[in-house]
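# Observations on chain architecture
Now for the letters of each chain:
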Amino acid sequence: MPSGHLGAQAIRRQCRRVTWAPKRPGGNVAGSLGHPSPSTTQFTMRALCVLLLLALFESYSFWVYASQSTRPNVVKIGSILTFDSVIGKVAKVAIEAAVDDVNSNPSILKETKLIVAMIDSHFSGFSGIIEAIRFMETETVAIIGPQSSVTAHVVSYIANELHVPLLSFSATDPTLSSLQFPYFIRTSVNDLFQMSAIGDIMKYYGWREVITIYVDDDYGINGIAVLADQLATRRCRISYKAPLKSQANVDDIRKVLVQVALAGSRVIIVHTYPDIGLDIMATAQYLGMLENGYVWIATNWLSTLLDSSAPLSPEKIKNIQGVLSLRIYTPESKVKKKFVSRWSNLTSEEVTRGSIGLSTYALYSYDTVWLLARAIDAFLENGGNISFTSDPRLKEFRKGTLGINSMSIFNEGDLLLSSILNVSMIGVTGPFEFTSDRNLIHPSFEIINVIGTGFRRTGYWTDYSGLSISPPEMVYTRPPNKSSSNQRLYPVVWPGQTTDTPRGWVFPHNGKRLKIGVPNRVSFRDFVTRLHGTDMFTGYCIDVFNAAISLLPYAVPFQLVPYGDGHNNPNCTELVRLITAGVYDAAIGDIAIITSRTRMADFTQPYIESGLVVVAPVRKLHSNAWAFFRPFNREMWCATGVFFLIIGAVVWILEHRINDDFRGPPRKQVVTILWFSFSTLFSTHRENTVSTLGRFVLLLWLFVVLIINSSYTASLTSILTVQHLSSDIKGLETLLNNNDPIGYQQGSFTRNYLVEDLGIHESRLVPLKLPEDYAKALNDGPGHGGVAAVVDERAYIELFLSTRCEFSIVGRQFTKNGWGFAFSKDSPLAEDMSTAILKLSETGDLQRIHDKWLLSSACSSQGAELEVDRLSLTSFEGLFIICGMACLIALLVYLVKLTYQFNQYYSQFESSGQRSGRLDTFLTFANEKEETVKARSIRMQPEWASSTKSIN
């Protein structure tokens, strides 16, 4: 409330205290003339109050009128552009059109007019900074620009100090963040999303490496840094970075492209400005780098050039054939169509050298003006006041001639900033609104392919669902889905006029040969062996490698380098580690694919299966007179015999009272139990079961006997007809349960596995070098300085056993892996070699190489089998439990039924006057035949009735 209004209220309260009094007749004349009477004084004060109230009312009315007229006549906006640039020339036209449209619209800013002062920076970042400082010296409430990201970084520091919002539609550098530069507002799509789209394209086509050519300033460096992050999340990487200075000439470009051509990747991303971008493509055409096999992806500088400078000359079009580019997507709308139809009229006065096309930057610059106008309108409606105060921290610069001290702080710049961020409108670019991190909502791109004299859209990209052939407005109506199966693009015509997707890389043409490490083995030389006195190798692994590399669609110069001293088997894990260290480019040979090695290198598809097994001495088993005991172990024999007796006893109990076959003298009944029990083994028992419970128990037992009998027969048949080998070592479990020494191959990963994974103490492990060492240690045994068993990979052991029949693999293979060729991480050769190995497998060549080197055997006992463990109780305990439970349930049911019958009988027994112990009576009752008990009960009923009557 204004101070004048408060003063009027105070005077009004004071005047209420003065009361009007009428003049009394016959008053004192002297009093009237000499001194004013009370009535006169009050009247005078009252009149004074009225005059004061009138004056204050006029003052208050003036304040109200003034407060309602605080909207300024004009609002000053600055704009820093480069008029002759591809972006600047279209932005200048669009901004002027937007200012005219805003000022002619009475619903925006009302009587206030928007004035935008546009300054040409003449391609100079320094000029842009100076012009920004000059704007700060005037009452400029906001600046549209700068156009360059480099200039925006510097000017944003000034904007932070003076609270003047910067709205840039072209400074797309992702590092211009709201945390560091709160007064910088990006009014177009952040380059972060463009780099994310490129990452999705890389993943879609399966490319793993890319080369980047970029301008060496904040725009290029920061954009490529973000691209590297996006690629890393998709398991891709930048293999080579080629920076160019912003004013690079053709010679500079040629030097860079020559180095690019020597690199291995054929996927090239160009992130520069339009003018230098065309020079890059022209030089690439001259060097033959737009031929079949290359992939060129240009950021939105190319689409901007095509939109604003069309049509390009035939020579320039020829230099960009097959190139992919991204263009910011703006949905079709009535507002956009209306603006597009006006564009030719808007640019008619600007045309000096060719027509000016409509690019997305023209649309975003147009919307930027409307955004600012709506924000200023909301700012003024909310009581915002455009006022400036000098910055006290600039006083020390007053003595200079730069005029920096004349720059002033926009007092309510934070309120205008808030109004800008809260604007939500529909512009020519579509829905225009900021997210919480100050990026525009729904970032989307079109992916275009330059073909012939124009270009074709191959799909869209959205941050919502990735790549799609549906327009973004349709994509946003569906649930988000970034799965690989949902990513789609139309076919692309690549450089060289081919529709086949390029592989994305070739072997580098830089004169270097692939340096491949090969283990210099001293044992099992059928796999890898070095020819004496040379660096040449032969063997199974070498033949597989040569056959696979010959299937590659390109030449791979390589050099095989021996690894190891030739006296001991080398450690293949250390060989793989040297790939990471850069000593070798790859490693081939008998290299097992295990977890620790896959962390250091990429492996191909396994070309041979392997895994750890246990080999031990074995002896032949011969049949003897007691061979029929061997199918079951001791526990199984005992359990089977006990259950035979239990079943016989249970069936006797259930049948004794009702079946004459189970009655008679005690000796006869014992014989019956034994005979019935064991005769069930052959189903030859002559006793019939009468009771339901007895039949139930017998049925289950016969099923158990059938299973036991079948298993025994099968095991005995195998023992008597197949030659068997026996060993004291049954497998890995035996080694874990004893303390006998264990042999392993020197240099193998087996040692680490036994110690770290299985917990076997190192003192038990004995390194062995040659197959002869294996045989000697196994023959000597643990009691004479040898080993109980050897643990090694199956591939080695099968070769070892091919000529040594006194040993055999015991137990099961307890790991499963394979051998492969190792390459540096993310090397495309790993994938191509895997494909070649699969082709070798499909054509049968892989098996033929295997048979050439490894298919040999001198053993006559190849058909022999290791002794199978005897059938144990564990295999049948489920059947025994079921049968035991059935017996227990049957006995409980029988006991309940017997007790009920006894209670009825005993009550009649006592009523007849007979006296006897209850337990003795129960035992007698249980032993008697059920028919006898029932007959006696019938005879006793009259006696029981008469005795009951006499008692009553």
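Residues numbered from 1 in each chain as written. Predicted model: local features only at pLDDT ≥ 70, side-chain atom pairs only at ≥ 80, totals over all residues. Heavy atoms only, no water.

### Examining the pattern of salt bridges
In this structure the tally under the stated criterion is 29 salt bridges. Across the pair Arg342 and Asp101 runs a salt bridge whose closest N-O atoms are separated by 2.9 Å. With Arg342 in helix α13 (residues 334-346) and Asp101 in helix α4 (residues 86-103), this residue pair connects regions lying 241 residues apart in the sequence. When the shortest N-O distance is used, the salt bridge between Arg521 and Asp590 registers 2.7 Å. Taken together, the residues Arg521 in the loop between β18 (514-519) and β19 (529-530) and Asp590 in the loop between β22 (586-587) and α19 (595-598) connect sequence positions 69 residues apart. Asp590 matches Arg521 in its accessibility class, with the two residues each being buried. Through salt bridges with shared partners, a single network forms among Arg71, Lys110, Asp377 and Glu381. (Salt bridge = Lys/Arg side-chain N within 4 Å of Asp/Glu carboxyl O. Helix = DSSP H or I, 4+ residues; strand = E, 2+ residues; numbered from the N terminus. Buried < 20%, exposed > 50% of the residue type's maximum accessible area, 1.4 Å probe, protein only.)

### A closer look at the UniProt feature "transmembrane region" (unreviewed entry) in the protein chain
Here, UniProt's "transmembrane region" (unreviewed entry) annotation points to residues 636-654, 696-720 and 878-896. Measuring from the first to the last C-alpha atom of residues 878-896 gives 27 Å, for a span that is 100% helix and 0% strand. (UniProt positions renumbered as here; feature names shortened; annotations may be inferred.)

### With respect to the nonpolar core
In this structure, Ile77, Leu114, Ile297 and Ile376 are the most contacted members of the largest nonpolar core, which totals 105 residues. Considering every element that reaches this core, the biggest residue donor is helix α14 (residues 360-381), with 14 residues. Excluding anything up to four places from it in sequence, Ile297 contacts Ile198, Ile201, Trp207, Val267, Ile268, Ile269, Val270, Leu324 and Leu326. Judged by nonpolar contacts, the second largest core, of 74 residues, contains Trp505, Tyr607, Val790 and Ala830. (Core = buried A, V, L, I, M, F, W, Y, C linked by side-chain atoms within 4.5 Å. Contact = heavy atoms within 4.5 Å.)

### Overview of helix α9 (residues 250-262)
For α9, with 13 residues, the first-to-last C-alpha span of 19 Å sits near the 18 Å given by 1.5 Å per residue. Inspection of α9 places Ile253, Val256, Leu257 and Val260 among the buried residues, and these make up the whole buried set. Each buried residue of α9 sits inside an arc of 100° when the element is viewed along its axis, so together they form one side. Considering only its buried residues, α9 is in contact with β6 (209-215), β7 (237-244), β8 (267-271), α10 (274-286) and β9 (295-298). The N-cap of α9, judged by a side-chain oxygen 3.1 Å from the amide nitrogen of Asp251 a few residues on, is Asn249. (Expected span 1.5 Å × (residues − 1). Arc of directions from axis to C-beta. Polar contact = N/O pair within 3.5 Å; in protein donor to acceptor, adjacent residues only side chain to side chain.)

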